[in-house]
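Report on the structure
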Amino acid sequence: MSRPTHAVVMGGGLAGMLTAHVLARHAGSVTVVERDVLPDGPEHRRGVPQAHHAHLLWSNGARVIDELLPGTTGRLLGAGARRIGFQGDQVTLTVRGWQHRFPPTQFAILCTRPLLDWTIRDQVLSAGRISVHQGAEVVDLCGDGGRVTGVRVRDADSGETTTVEADLVADATGRASGLRHWLSSLGVAPPEKDVVDAGIGYATRLFAAPPGATTAFPAVNVGAFHREGEPGHFGVVYPVEGDRWLVTLSCTRGGTLPAHEDEFQAFAQTRLGHPLVADLIGSAEPLTPVFRSHSGANRRLYPERHDGWPEGLIVVGDSLTAFNPVYGHGMSAAARCAAALDRELASGGTTRRMQEAIGAAVDDPWILAASKDVGYVNCRIDATDPRLIGEHTVQQRRFADSIIDKSLGSPGVCEVVTDVISLSAGPAELGSSNFLALMAREKPYPKLTGPPLRSDELDIVRLRAYESVPTA
Ligand SMILES: Cc1cc2nc3c(=O)[nH]c(=O)nc-3n(C[C@H](O)[C@H](O)[C@H](O)COP(=O)(O)OP(=O)(O)OC[C@H]3O[C@@H](n4cnc5c(N)ncnc54)[C@H](O)[C@@H]3O)c2cc1C
């Protein structure tokens, strides 16, 4: 495709902003069309309801964002975000036991979504190269089955509908994208779709953290506690800016998510594999009500496989691939989409080439999340991806469990696994001969009998009844 004259990005969320940023490097002009009026600061807004819940930005996503927008993570840390070194700065319970806290080899950024979104939006828009048409909803695509030539936009105040012409349109409207409907009005069949839905639900509250806890106490993840045939239950305590803990409790289909304040503590106490989360929040002051979300299915579209895909239309972010949020991959995937688009635009790629590169960029997080979730009881699978269906998936899961088991106590294995879950290395790494040799060779530390917390950390949260467990 020759240099786009005018590009339109539908949706001004994280994927939309990063996409607009790279388009502004290559197109004559760029317009973002966003249904909400965007706040002038780190505030919640209607279009991103998931922003109430715990969000973790893995190191791969943070690095990609810093490459696209230098200084972003520095700004986040300056505003109170915490950089958590993995596995040193998080206490994690897996279905196989407690993870030893080895010296960090990867990291994640923890803060509230409003802070993260605002920081990225400000970085993207402050250069003044992008127009934002806000309070305006995309209601249709313009063009025909062969080519998209713009979008039809309805103003929220006046209800008036106008056309914005463009020779490249990017759909970044998220999980609830109207893409299927918009394609149908152009006479284009929907793209192939895979869905793996473990029925994950989230319930979240903010708490005031004890003094020092957001800087000197580790993040906590009591994860994936499930017995054979029972739903998974999870709980995280994440330090965020403003000396607060963002606490998210979650479960897969069949579990009962807390709806009210009084059920929150009880869930943490009785449903998780260990009472650490309950003990931490038991005496902490809650700052918000309970927010809930049921937007957790893994869903992937394959526009790159579509024979009759219109020229001038690409799909990115959650609109293309949405993930079970427990794995924390959605924002990194959005960043990878933008970086892939940047590379293709630089080499003058066609719409198909761009979409193929974007599809390849989301494949690692897709297979990591979807292949784990197919093992949950009551998971609904409507997929053709051969990696997700068939007898071999049972064997794959057993192998994955043996890797988790080994990584709990083996620093070398843990390093490779952390590279993969942080998206810094591909899952194929776990099948390499080097890794298999490491699995066989490395002698693990003894299993931990409780959360690996040091006595100075226990003092901060006043959990002196817990015994201090070595942190490796
Ligand atoms: C509960 C939960 C927890 C999560 N936790 C994590 C995590 O820990 N780590 C992680 O990396 N990811 C996480 N994610 C995923 C992450 O939230 C998304 O991947 C991320 O927000 C990028 O999404 P997006 O920009 O594609 O879409 P969205 O964030 O949904 O943004 C879409 C934008 O499009 C606008 N819009 C929608 N329709 C229209 C229209 N017709 N016209 C104009 N504008 C429109 C909306 O207002 C919004 O601004 C989580 C998701 C959920 C649901």
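One numbering rule holds for all chains: residues counted from 1, following each sequence as written. The predicted nature of this model means local features are confined to residues of pLDDT at least 70 and side-chain atom pairs, given and counted, to a pLDDT of 80 or more, with totals for whole chains, interfaces and linings taken over all residues. Each side-chain value is derived from all of the structure's non-hydrogen atoms; neither hydrogens nor water enter the calculation.

1. As for the sheet that holds strand 21 (residues 313–315)
- The rule for pairing is simple: two strands pair if DSSP sees at least two bridges between them. By the criteria applied, helices consist of DSSP H or I runs no shorter than four residues and strands consist of E runs no shorter than two, each listed in order from the N terminus. If you walk across this open sheet you meet the 5 strands as 8-2-1-12-21, and the pairing is parallel. Where the open sheet ends on each side, the last strands, each with one partner, are strand 8 (130–134) and strand 21. Here the strands of the sheet are splayed against their neighbours by 20° on average, with no regard to which way each runs.
- Bridge count between strand 1 (residues 6–10) and strand 2 (residues 29–34): 5 bridges; the pairing is parallel. The residue of strand 2 that forms the bridge with Val 8 is Thr 31. Interaxial angles span 0 to 180 degrees and are taken between N-to-C directions of axes, which are lines fitted to C-alpha atoms, for helices over the stretch in contact.

2. Looking at the pairing of strand 7 (residues 106–110)
- Residue exposure (1.4 Å probe, protein chains only): buried if accessible area is under 20% of the type maximum, exposed if over 50%, otherwise partly exposed. A large share of strand 7 lies buried, amounting to 5 of its 5 residues.
- Burial of strand 7 is two-sided: the residues Gln 106, Ala 108 and Leu 110 facing one way and the residues Phe 107 and Ile 109 facing the other way are all buried.
- Summarising the sheet, strand 4 (residues 82–86) and strand 7 pair through 5 bridges and their orientation is antiparallel. Among the inter-strand pairings, Arg 82 is bridged to a residue of strand 7, identified as Leu 110.

3. Some thoughts on the domain arrangement of the protein
- An automatic or database domain assignment supplies the residue ranges for each domain. Partitioning the protein into structural domains gives domain 1 (6–55 + 112–196 + 296–371) and domain 2 (201–293).
- Spacing between the C-alpha centres of domain 1 and domain 2 amounts to 31 Å.
- Any two residues whose heavy atoms approach within 4.5 Å are treated as being in contact. Across the contact, 8 residues belong to domain 1 and 15 residues belong to domain 2.
- With both chains or domains summed, domain 1 and domain 2 bury close to 1,000 Å², and 68% of this area falls on carbon and sulfur atoms.
- The term buried area denotes the loss of accessible surface (1.4 Å probe radius) that occurs when two parts are joined, taken as the sum for both partners. Of all residues in domain 1, His 53, Ala 54 and Thr 112 give up the largest surface area on contact with domain 2, accounting jointly for 55% of the area buried on that side.
- Salt bridges are counted wherever a side-chain nitrogen of Lys or Arg sits within 4 Å of a carboxyl oxygen of Asp or Glu. The tally of links from domain 1 across to domain 2 stands at 0 salt bridges.
- Pairing of N or O atoms within 3.5 Å defines a polar contact, subject to two protein rules: one partner must be a possible hydrogen donor and the other a possible acceptor, and residues neighboring in sequence count only if both atoms are side-chain atoms. Between domain 1 and domain 2 we count 5 residue pairs in polar contact (both at pLDDT 80 or more) in total.

4. What to know about the site of the ligand
- Neighbouring the ligand are 33 residues, the closest being Glu 34, Arg 45, Leu 56, Asp 318 and Met 331.
- Leu 14 places a main-chain nitrogen or oxygen 3.3 Å from an oxygen atom of the ligand.
- Measuring from an oxygen atom of the ligand, one finds a side-chain N or O atom of Glu 34 at 2.6 Å.
- Its free accessible area being 1,000 Å², the ligand has 96% of it covered by the protein chains.
- Where the shell around the ligand is concerned, the elements lending two or more residues are helix 1 (14–26), strand 2, strand 9 (136–143), helix 9 (317–320) and helix 10 (330–346).
- Classification convention: Asp, Glu, Lys, Arg as charged; Ala, Val, Leu, Ile, Met, Phe, Trp, Tyr, Cys, Pro as nonpolar; all other residues, Gly among them, as polar. Of the residues belonging to the shell around the ligand, the class tally is 12 nonpolar, 15 polar and 6 charged. Near is defined per residue: the residue qualifies when any heavy atom it owns lies within 4 Å of the molecule or strand. Here the open area of atoms and residues is found with the Shrake-Rupley method and a 1.4 Å probe, where only the protein chains shown may cover a residue.

5. Re the packing of helix 2 (residues 59–68) against helix 10
- One can describe the packing of helix 2 onto helix 10 by two numbers: an axis separation of 8 Å at closest approach and a directional angle of 40°. Accordingly, the angle class assigned to the pair helix 2 and helix 10 is oblique. Handedness of the crossing formed by helix 2 with helix 10: left-handed. Of helix 10, the residues touching helix 2 (which contributes Asn 60, Gly 61, Val 64, Ile 65 and Leu 68) are Ser 332, Ala 335, Arg 336, Ala 338, Ala 339 and Asp 342.
- For the contact of helix 2 with helix 10, the class distribution of residues is 6 nonpolar, 3 polar and 2 charged. For classification, angles of less than 35 degrees are called roughly parallel, those exceeding 145 degrees roughly antiparallel, those between 65 and 115 degrees roughly perpendicular, and all remaining angles oblique. For any helix crossing, the convention is left-handed if the near helix is rotated counterclockwise from the far helix by under a right angle, and right-handed if that rotation is clockwise.

6. Considerations on helix 4 (residues 113–125)
- To estimate how far a helix should reach, multiply one less than its number of residues by 1.5 Å. Relative to the 18 Å expected for 13 residues at 1.5 Å per residue, helix 4 spans 18 Å between its end C-alpha atoms, a close match to the ideal helical length.
- With respect to burial, helix 4 is a largely interior element, 11 of its 13 residues being buried.
- Within helix 4, the full set of buried residues consists of Arg 113, Pro 114, Leu 115, Leu 116, Asp 117, Trp 118, Thr 119, Ile 120, Arg 121, Gln 123 and Val 124.
- Lining the buried residues of helix 4 we find helix 1, strand 3 (56–58), helix 2, helix 3 (72–78), strand 8 and helix 10.

7. Section: the pattern of salt bridges
- On inspection of all chains with the given rule, the structure shows 22 salt bridges.
- Residues Arg 113 and Asp 117 are paired through a salt bridge, measuring 2.9 Å at the closest nitrogen-oxygen approach. Residue Arg 113 and its partner Asp 117 are both found in helix 4; the two are separated by 4 residues, about one turn of the helix.
- Classification of Asp 117 by relative accessible area gives buried; the value is 11%.
- Lys 447 serves as the salt-bridge partner of Asp 405, at 2.8 Å between the closest nitrogen and oxygen. In this pair, Asp 405 is assigned in helix 12 (residues 392–407) and Lys 447 in the loop between helix 14 (433–441) and helix 15 (455–460), connecting sequence segments 42 residues apart.
- The partly exposed category is assigned to Asp 405, whose relative accessible area is 29%.
- A single network of salt bridges, built from pairs that share partners, joins Arg 300, Glu 304, Asp 363, Asp 385 and Arg 387.

8. What to know about the packing of aromatic side chains
- By convention, a stacked pair of Phe, Tyr or Trp rings (six-membered ring in the case of Trp) has centres within 6.5 Å and planes under 30 degrees apart, an edge-to-face pair has planes over 60 apart, and any other such pair is tilted. In the structure shown here, the tally under the stated rule is 5 aromatic pairs.
- Measuring from ring centre to ring centre gives 5.6 Å for Phe 102 and Tyr 445, while their planes differ by 55°; the resulting arrangement is tilted. Taken together, the residues span a long stretch of sequence, with Phe 102 in the loop between strand 6 (97–98) and strand 7 and Tyr 445 in the loop between helix 14 and helix 15 at a distance of 343 residues.
- Ring centres of Phe 234 and Tyr 376 lie 6.4 Å apart, and the angle between their planes is 70°; on these two criteria the pair is classed as edge-to-face.

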